[in-house]
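Summary of structural features
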Amino acid sequence: MIEIKNLKKSFGEKHVLNDLQLQVFDKEILFIVGRSGSGKSVLLKHIMGLMKPDSGEVLIDGTDMTKLEGTALIERLYNIGMIFQGGALFDSMSVGQNVTFYLENHAKVAGEKIKRSEIRELGEMALEQVGLKGTYDFQISDLSGGMKKRASIARGIVYKPAYLFYDEPTTGLDPITGKKIAELIVTLHQRGGKTTIVVSHDIVTTLYCADRIALIEDATIKIIDSPMKFMKYENDSIKEFNRMIGYDLSLIRHKD
């Protein structure tokens, strides 16, 4: 479980996170939404321990990520899969080399040592899970935008972390490809039951995937609730979300 307590972060006079409180339940898909510059990605970096707060705690399974540095932080990050907004794939490596980069360097799956002879098989299995069977030896330049996003997801799941974080997974994708990525997020969650946090501006993907939605506003979590209840709050941002989807709540996968 993830618990965030009294988290504060300022850049100069701008308060990005101010006494923020959040609890992420085990095995849920939580979407974090908000306007540009509201602090969504900053919050995600704090959860991973990649950014240190001015004050407050980020507890993952009881360990305060804000207190960890160096090797101790790296050890905790072994249990987190991160899918970056731009994919962050290495153009100089093949698809398979990108996906198995962690395994080549650490030879661990779910925290347990594996044989190096198993690495390719695990990489191919991860690629098959995301719908990229047969692309292990492809070059990154051979992939479309949607395929690159899938490859980055394969890299995030290949070592079977307990937590999976996505930063804007559908940014830059056409609606059809974006829907396929949304479906993949749900499918992977149903198969593996990982606790999943997604930062997103895409309300259609959010409504389809989320178990709960958290709105960051005024440097804190203003509203958090199930999708159906969330979309009924009297809030300017939520009203705008409703206008964007034409008040079509049939897009919500979970019907309360």
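Here goes a summary of the coordinates provided. (Residues numbered from 1 in each chain as written. Predicted model: local features only at pLDDT ≥ 70, side-chain atom pairs only at ≥ 80, totals over all residues. Heavy atoms only, no water.)

1. Some thoughts on the sheet that holds strand β3 (residues 29–33)
In plain terms, the rule: For two strands to count as paired, DSSP must find a minimum of two bridges between them. In DSSP terms, a helix is any run of H or I states spanning at least four residues, a strand is any run of E spanning at least two, and both are numbered starting from the N terminus. To get an axis, fit a line to the C-alpha atoms, keeping to the stretch in contact for a helix; angles then go from 0 to 180 degrees between the N-to-C directions.
The strand order β6-β9-β10-β3-β11-β12 describes an open sheet built from six strands, whose pairing is mixed. Looking along the sheet, the strands with just one partner apiece sit at the ends: β6 (80–83) and β12 (220–225). Taken over all neighbouring pairs, the strand axes of this sheet differ in orientation by 20° on average, direction set aside. In this structure, β6 lies alongside strand β9 (residues 163–167), joined through four bridges in parallel fashion. Among the inter-strand pairings, Ile83 is bridged to a residue of β9, identified as Tyr166.

2. Quick notes on the pattern of salt bridges
In plain terms, the rule: Salt bridges are identified by distance alone: a Lys or Arg side-chain nitrogen within 4 Å of an Asp or Glu carboxyl oxygen. The rule is simple: take the accessible area with a 1.4 Å probe, protein chains only, and divide by the maximum for that residue type; under 20% is buried, over 50% is exposed, in between is partly exposed.
By the definition in use, this model includes ten salt bridges. Between Glu234 and Lys239 there is a salt bridge; the shortest N-O distance is 3.3 Å. Exposure remark for Glu234: the relative accessible area of 70% places this residue in the exposed category. Residue Lys239 is classed as partly exposed on the basis of its relative accessible area, which comes to 33%. Sharing partners across several salt bridges, the network here consists of Arg120, Glu124 and Asp137.

3. Considering the nonpolar core
Selection criterion: Residues grouped as a nonpolar core are buried Ala, Val, Leu, Ile, Met, Phe, Trp, Tyr and Cys residues, joined through side-chain atoms within 4.5 Å. Residues are treated as being in contact if the distance between any of their heavy atoms lies within 4.5 Å.
Leu103, Val130, Ile153, Tyr166, Phe230 and Met231 are the most contacted members of the largest nonpolar core, which totals 51 residues. The biggest single contributor to this core is helix α7 (residues 175–192), with six residues. The contacts of Val130, once residues within four sequence positions are left out, are Arg150, Ile153, Ala154, Ile157, Leu184 and Leu188. Val24, Ile32, Met65 and Ala214 belong to the second largest nonpolar core, which has 30 residues in total.

4. Focus on the pairing of strand β11 (residues 212–217)
Most of β11 sits out of view: five of its six residues are buried. Bridge count between β3 and β11: four bridges; the pairing is parallel. Residue Ile32 lies in a different strand from β11, and its bridge partner there is Ala214. The hairpin turn running from β11 into β12, its antiparallel successor, is two residues long, and Asp218 in that turn takes a positive phi close to 55°.

5. Some thoughts on the sheet that holds strand β5 (residues 63–64)
Within the open sheet, the four strands sit side by side as β2-β1-β4-β5. Their pairing is antiparallel. Whereas interior strands pair on both sides, the edge strands pair on one side only; in this sheet they are β2 (14–24) and β5. For strand β1 (residues 2–11) and β2, the ladder comprises seven bridges, and the chain directions are antiparallel. In the strand pairing of β2, Ser10 is matched with His15.

6. Comments concerning the pairing of β3
Of all five residues that make up β3, five are buried, and the element is covered over most of its length. On β3, burial covers both faces: Ile29, Phe31 and Val33 on one face and Leu30 and Ile32 on the other are all buried. Pairing of β3 with strand β10 (residues 195–199) involves four bridges; the strand directions are parallel. Residue pairing in the sheet places Phe31 in a bridge with Val198 of β10.

7. So, the environment of Tyr233
With respect to the element layout, Tyr233 can be found in the loop between α9 (227–230) and α10 (236–244). For Tyr233, a relative accessible area of 33% gives the class partly exposed. For Tyr233 and Asn79, which are 154 residues apart along the polypeptide, the C-alpha to C-alpha distance reads 35 Å.

From the geometry alone we can't say anything about function, so treat these as descriptive.
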